[in-house]
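# Remarks on the overall topology
Listed below are the residues making up each chain.
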Amino acid sequence: APTPATAPLKLIPAKVSTVVVVRDLAGSTDRLNGFLAAVAPASEKIEIDDLDDLATKLHLPCGVWDPKGSVVLILGKPEGGLADSVVCFKPRDPEKFNGNSLLAQGRARGFDGPDGRYYVLMRDGFAIASTKMRMLRPFRRLKTRDSLYTSLDKKQRELFEKSDVVVHVPLENWRPMV
């Protein structure tokens, strides 16, 4: 069974600018392809491997995330871009990260990826990764009470659980830019 979409939200600070959750990559992709076939029969099918483009931009190796799990893209600051982002996911091969003693102690570690260096922090079976070590600092010792999960009300949590894709943009983080 897929990991509940709200599970990684307990690992994400409440004060992030944007969170994009794709729940159950494989199932979401199948449903999206069914929708596209109905409304645009000539459209190309979307493959899970297409998400490797995102992995490559974050210097992660292709096929790193579990297709039955959720992938969460976190933008730390409104003015930041993909370079100032973090991705949280269940690894396809958890031993790649879990076998490392630094990660076992809850510390971040750098890895050389196909297009550059990336950093990973493991928490509760999830890999939290970024191209910048400093982006992982807020995730290291985050308490559940300070997480995105606890900042959401019951209806918002249900939305995360039932939707294939959710984009959460807390307006208070964007107001200074508007």
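Residues numbered from 1 in each chain as written. Predicted model: local features only at pLDDT ≥ 70, side-chain atom pairs only at ≥ 80, totals over all residues. Heavy atoms only, no water.

A separate point is the environment of Ser147. Note on placement: Ser147 falls in the loop between helix H5 (137–140) and helix H6 (148–151). Ser147 sits in the buried class, given a relative accessible area of 1%. Along the primary structure Ser147 and Ile12 are separated by 135 residues, whereas in three dimensions their C-alpha atoms are 5.4 Å apart. A polar contact is formed between the side chain of Ser147 and the backbone oxygen of Thr144, at a distance of 2.7 Å. (Helix = DSSP H or I, 4+ residues; strand = E, 2+ residues; numbered from the N terminus. Buried < 20%, exposed > 50% of the residue type's maximum accessible area, 1.4 Å probe, protein only. Polar contact = N/O pair within 3.5 Å; in protein donor to acceptor, adjacent residues only side chain to side chain.)

Looking now at the sheet that holds strand E7 (residues 165–168). Reading across from one edge, E4-E5-E6-E3-E2-E1-E7 is the order of the 7 strands in this open sheet, with antiparallel pairing throughout. Where the open sheet ends on each side, the last strands, each with one partner, are strand E4 (109–113) and E7. Along the sheet, successive strands turn relative to each other by an average axial angle of 20°, direction set aside. (Pairing = 2+ DSSP bridges. Axes fitted to C-alpha atoms, helices over the stretch in contact; angles between N-to-C directions.)

Attention now moves to the environment of Thr150. By the element assignment, Thr150 lies in helix H6. Residue Thr150 is classed as partly exposed on the basis of its relative accessible area of 34%. Separated by 136 residues in the primary sequence, Thr150 and Ala14 have C-alpha atoms spaced 7.9 Å apart. Sequence-distant contacts of Thr150, defined by excluding residues within four places in its chain, comprise Thr144, Arg145 and Arg157. One polar contact links the side chain of Thr150 to the main-chain carbonyl oxygen of Arg145, over a distance of 3.1 Å. (Contact = heavy atoms within 4.5 Å.)

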